[in-house]
Amino acid sequence: MASKGEEKTGGKTDRQRENGRFAYEGLERVLHEKARLSILSSLASHDGGLAFNDLKSMCTLTDGNLSRQLQVLQEAALVEIIKGYKNNRPQTVVRLTSDGRARFLEYIAVLESVVADAMLGAGKNPRRSRPLEGFSPA
C-alpha cells in the first residue's frame, strides 16, 4: 500500500520508481576515463579506424599514455589494433570492434540521460528551492 504522499501507478509507488533513478548503471568505468572517452569518441567518428599517430594527435596524448589506454580498451574488447606497413614503414591502425561501437553507443545514451536529468533540474532556480520537508538549516 502506498504511504501518505505517494501515488501508486502501474503497480509501483513513486518512491519505488525513484529508487536507483540516478544510479546510471550503464556508465562503465572502462569507457568513462577521460583519455579513453577521447579515444573512443575519435574512433566512433572514423569507421575505418585511425593511425596511432593521428589518434595520438587528436587526443593530445603521449605515445606511452595512448599505448596504455589502448591496452585497457583492447583487453575490454572495445578496440582492435592492426599492425602493418604503409609505404614500407610500420603503421599501427586502431578501430572500434563491432561490440565496442555498440557498447559506446549505449554508453552515450546513458550520458544523454544524465544530461537530460541535469538540465531538468537546472530549469529550476536552485536558490528558490524549498528545503527538504522536516529539514531546518543550522
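Residues numbered from 1 in each chain as written. Predicted model: local features only at pLDDT ≥ 70, side-chain atom pairs only at ≥ 80, totals over all residues. Heavy atoms only, no water.

Colleague: So what about the packing of aromatic side chains? Which residues, and what values?
Modeller: Taken as a whole, this structure holds 1 aromatic pair when the rule is applied. Centroid distance phenylalanine 104 to tyrosine 107: 6.4 Å. Interplanar angle 25 degrees. Geometry classified as stacked. Of this pair, phenylalanine 104 and tyrosine 107 both sit in helix α6 (residues 98–122), 3 residues apart, roughly one helical turn. For tyrosine 107, a relative accessible area of 0% translates into the label buried. (Phe/Tyr/Trp six-rings, centres within 6.5 Å; stacked < 30°, edge-to-face > 60°. Helix = DSSP H or I, 4+ residues; strand = E, 2+ residues; numbered from the N terminus. Buried < 20%, exposed > 50% of the residue type's maximum accessible area, 1.4 Å probe, protein only.)

Colleague: Describe helix α4 (residues 52–59), and please don't skip the residues or the numbers.
Modeller: Those residues of α4 not exposed but buried are Phe52, Leu55 and Cys59. Down the axis of α4, the smallest arc covering the buried residues is 65 degrees, so these residues share one side. When the buried face of α4 is taken as reference, the exposed residues oriented beyond 90 degrees from it are Asn53 and Ser57. Just downstream of α4 lies threonine 60, where phi reads positive at about 45 degrees. (Arc of directions from axis to C-beta.)

Colleague: Just give me the short version of the pattern of salt bridges, but keep the residues and values in it.
Modeller: Scanning the entire structure with this criterion turns up 4 salt bridges. Two residues, aspartate 47 and arginine 101, come together in a salt bridge whose shortest N-O distance is 3.2 Å. Remark: arginine 101 occurs in helix α6 and aspartate 47 occurs in the loop between α3 (34–44) and β3 (50–51); sequence separation between them is 54 residues. Note on aspartate 47: relative accessible area 65%, which makes it exposed. With a shortest N-O distance of 2.5 Å, arginine 95 and glutamate 80 are connected by a salt bridge. (Salt bridge = Lys/Arg side-chain N within 4 Å of Asp/Glu carboxyl O.)

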